[in-house]
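Notes for the structure review
As a plain string of letters, each chain reads:
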Amino acid sequence: MSGREVSISCRSQPQIPVAGFTYQMEWQGRILDDRRYWPWSACALQGPDGKIHLFADRADSAQVEQHDICWGHRHCNMIAHYVADQPEGPFQFVDIPLPPGSPGEFDRSIIYPCLQRDGDRWFMMYTAFDDTGEDRNMRGALAVADSLYGPWRKLGVVLAPSQDPDHWTHRAELGIHVPQFVPFRGKWYAYFKSGGNPSKAGGLTGVQCWWGRDYLGVAIADRPEGPWQIVNQPAILKNGGHV
């Protein structure tokens, strides 16, 4: 997948404004506490039924204890669905809308769900690991459903590093990591992390993935299903940590 020409400005130390409400947020405690599973990330939204729907990725605690949480993150994560009457919970388990794929499939492990509504359909974008569990093989994938209660249908990989040797995502050690999408002014924008190949980082150097420099990329589409076009340079560089 090659990126189209988009004019953007890259700075090593961007000044990013912070929304005022972030300073007013208060810790409310855990909303999921099931010792049989190890949660990693989650996406919450209010559904048409007025309930708060939480889609969280999780790994079986027994498997995590045999290895470690990063192993579970890469090899056996799944998406679980919970509902509550209010954001503070309590949340009740509903089902597993996206189980891990079968051996050999693109989404052997599934993490980082992000949900959006488009008309009468719901879309879930997520990060998919293949059988290798290697960071460089992470991809952005998509699933669709007519209801938050499913059934969900996997549409496959929609975001992958470019095959163009001159593109900044080509052979990226970080693959396509944590894609999060949002509609804006008639277009769809997916923001993701990538990097790990200094010679292909849009002219920027010194990438040290993945606890060093991560690049925040953006892809653009006319609809959630794509096709998605990754812009030809990273949008933001976070120097010394995660974006």
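The notes below deal with the structure included here. A quick note: this is a predicted structure, and the numbers were derived from the prediction, not measured. (Residues numbered from 1 in each chain as written. Predicted model: local features only at pLDDT ≥ 70, side-chain atom pairs only at ≥ 80, totals over all residues. Heavy atoms only, no water.)

**Regarding the overall build of the protein**
A count of helical and extended segments in the protein gives two helices and 13 strands. A burial count over the protein gives 44% of its 243 residues as buried. Look at the contacts in the protein between residues 6 or more apart in sequence, and 56% of them connect residues 24 or more apart. For the protein, the accessible surface area stands at approximately 12,800 Å², while carbon and sulfur atoms represent 49% of it. (Helix = DSSP H or I, 4+ residues; strand = E, 2+ residues; numbered from the N terminus. Buried < 20%, exposed > 50% of the residue type's maximum accessible area, 1.4 Å probe, protein only. Contact = heavy atoms within 4.5 Å. Areas by Shrake-Rupley, 256 points an atom, 1.4 Å probe, with all protein chains shown as cover.)

**Notes on the nonpolar core**
The tendency in soluble globular proteins is for nonpolar side chains to be buried side by side. Counting 18 residues, the largest nonpolar core has Met125, Leu159, Phe181, Ala190, Ala219, Trp228 and Ile230 as the members making the most contacts within it. Breaking this core down by element, the ones donating at least two residues are strand E6 (121–129), strand E7 (139–145), strand E8 (153–159), strand E10 (187–194) and strand E11 (214–221). Grouped together as the second largest cluster of nonpolar side chains are 16 residues, Leu98, Trp122, Met124 and Ala141 included. (Core = buried A, V, L, I, M, F, W, Y, C linked by side-chain atoms within 4.5 Å.)

**Remarks on the sheet that holds strand E3 (residues 78–84)**
Read across the sheet, four strands follow the order E1-E2-E3-E4 without closing on themselves; strand pairing throughout is antiparallel. With one partner strand each, in any of the chains shown, strand E1 (37–46) and strand E4 (92–98) form the two edges of the open sheet. Each strand axis lies, on average, 30 degrees off the axis of its neighbour in the sheet, ignoring direction. Here eight bridges tie E1 to strand E2 (residues 52–60), and the two strands are oriented antiparallel to one another. If you follow Ala44 over to E2, its bridge partner there is Leu54. (Pairing = 2+ DSSP bridges. Axes fitted to C-alpha atoms, helices over the stretch in contact; angles between N-to-C directions.)

**Some remarks on the pairing of E2**
Burial within E2 is extensive, with eight of its nine residues counted as buried. Counting the residues between successive antiparallel strands, the hairpin from E1 to E2 contains five residues, one of them, Gly50, with a positive phi of roughly 85 degrees. Inspection of the sheet shows E2 paired to E3 by seven bridges, in the antiparallel sense. If you follow Ile52 over to E3, its bridge partner there is Ala84.

**Observations regarding the packing of aromatic side chains**
Under the definition given, this model contains six aromatic pairs. Between the aromatic rings of Trp168 and Phe192, the centroid separation amounts to 6.0 Å while the plane-to-plane angle is 10 degrees, which identifies the pairing as stacked. Taken as a pair, Trp168 in the loop between E8 and strand E9 (177–184) and Phe192 in strand E10 lie far apart in primary sequence, 24 residues in all. Assigned by exposure class, Trp168 and Phe192 land together as buried. One aromatic cluster is present, built from ring pairs that chain together Trp168, Phe192 and Tyr215. A cation over an aromatic ring shows up here: Arg58 above the ring of Tyr37, its NZ or CZ 3.5 Å from the ring centre. (Phe/Tyr/Trp six-rings, centres within 6.5 Å; stacked < 30°, edge-to-face > 60°. Lys NZ or Arg CZ within 6 Å of the ring centre and 35° of its normal.)

**Concerning the pairing of E9**
Note: E9 against E10, six bridges, orientation antiparallel. What sits directly across from Phe184, in E10, is Lys187. Adjacent in sequence and paired antiparallel, E9 and E10 are bridged by two residues, among which Arg185 carries a positive phi angle near 50 degrees.

**With respect to the side chain of Ser109**
Its place among the elements puts Ser109 in strand E5 (residues 109–118). With relative accessibility at 0%, the residue Ser109 sits in the buried group. Within the structure, the side chain of Ser109 is placed 2.9 Å from the backbone nitrogen of Asn77, a separation counted as a polar contact. Not counting residues up to four positions away in its chain, the partners in contact with Ser109 are Gly72, His73, Arg74, His75, Cys76, Asn77, Thr127, Ala128 and Phe129. (Polar contact = N/O pair within 3.5 Å; in protein donor to acceptor, adjacent residues only side chain to side chain.)

**Here's the deal with the pattern of salt bridges**
For the structure shown, the criterion picks out 10 salt bridges. Asp33 is the partner of Arg35 in a salt bridge, and the nearest nitrogen-oxygen pair spans 2.8 Å. Here Arg35 matches Asp33 in class, with each residue exposed. Among the ionic pairs, Arg136 bridges to Glu173, the shortest N-O distance being 2.9 Å. Of this pair, Arg136 sits in the loop between E6 and E7 while Glu173 is found in the loop between E8 and E9, placing the two residues 37 residues apart along the sequence. For Arg136, a relative accessible area of 41% puts it in the partly exposed group. The network of salt bridges with common partners includes Arg30, Asp33 and Arg35. (Salt bridge = Lys/Arg side-chain N within 4 Å of Asp/Glu carboxyl O.)

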